[in-house]
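# Coordinates in review
The chain contents come next:
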Amino acid sequence: ASETRSIYIETVGEGKFDVLYYRVLSTATGAAIAGFIGAGIQSGVEASKDKKKTEEIGPLVKKDAWKTRFLDTLNDKLESEGFEALWVEDGKDAGEGHVLRIYPDRYGFKIVDTSSRLVSAYIDFEASFSSKGSKKAREQEKESYYLTNRNQYPYDDLLKEDSPVNKDLEAVLEKAARRLANKIIYRLKE
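To keep things clear, this report deals only with the structure shown in the data block. (Residues numbered from 1 in each chain as written. Predicted model: local features only at pLDDT ≥ 70, side-chain atom pairs only at ≥ 80, totals over all residues. Heavy atoms only, no water.)

### Overview of a negative patch on the surface
A contiguous patch of negative charge on the surface is contributed by D72, D76, E79 and E84. The element best represented in the negative patch is helix α3 (residues 65-80), accounting for three residues. One can find E84 in strand β3 (residues 83-88). A relative accessible area of 35% means that E84 is categorised as partly exposed. (Patch = residues over 30% accessible without salt bridge, like charges linked within 9 Å, V, L, I, M, F, W, Y side chains within 5 Å. Areas by Shrake-Rupley, 256 points an atom, 1.4 Å probe, with all protein chains shown as cover. Salt bridge = Lys/Arg side-chain N within 4 Å of Asp/Glu carboxyl O. Lys, Arg positive; Asp, Glu negative; His and termini not counted. Charge placed at Lys NZ, Arg CZ, Asp CG, Glu CD. Helix = DSSP H or I, 4+ residues; strand = E, 2+ residues; numbered from the N terminus. Buried < 20%, exposed > 50% of the residue type's maximum accessible area, 1.4 Å probe, protein only.)

So, in C-alpha cells, the structure goes:
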C-alpha cells in the first residue's frame, strides 16, 4: 500500500479566458421577432459586447493562470496523496496505469445573478479518466465540470485598482483542481 501509483496526465487544448455577461442576460427577443435568423443576429451582437468586456479585463489577468494555478494545484494534491503525476504531451503513449485527460474550455467571469447583475469567477472544462492494463480497463466518457467562486461583484468592481480578478480566478481554479484530484483519489481507493 506504500507504493507510489502513477497517473499520466494529458491536457488537450488550452483554457480560454472569457467574460459571459450579455449572453447570460439574453432574452431571446431576436428569436421571438425574427425566428432563427433573428436569434443568430442577437447572439452575434451579445457575443461582440462580451468580447469588449473580455478585452477590458484581459490585461488584468495573470497570463497562463489556467496552467499555473489549476495544473499546479492538481499536481500538488495528487502527490500529497501518494500519487506520481506524470505529464504527457502531444498525445504520446501514457503507458500502463491510470490516464487522466483534461479538456480545458473556458474560465473567467460570468453573471451568476441576472436580477442584480453580479458576476463571479468560473471555470468550465471536461475530463476523462481510464485505467490501462487492469481487468476493468475502460475509457471513461468525458465528464463536465463547471464551478463558480462564491464571491460576487458588480462588473465595474473588477476594473477598480484593488480588483479581485486574479484572487478570485485563482481561487476557483484551485477549487476545481482539488475537486478533480479528490474524485480521482477516491475512485482509485474503491
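### Quick notes on the packing of aromatic side chains
Using the criterion set out here, one finds seven aromatic pairs in the structure. Seen from their ring centres, F125 and Y145 are 4.9 Å apart, and the 5° between their planes marks the pair as stacked. Placement of F125 in strand β5 (residues 118-132) and of Y145 in strand β6 (residues 143-148) is noted, with a sequence separation of 20 residues between them. On the basis of relative accessible area, F125 is assigned to the buried category, the value being 1%. Judged by its relative accessible area of 8%, Y145 falls in the buried class. One aromatic cluster in this structure is built from W66, F70, F125 and Y145. (Phe/Tyr/Trp six-rings, centres within 6.5 Å; stacked < 30°, edge-to-face > 60°.)

From the geometry alone we can't say anything about function, so treat these as descriptive.
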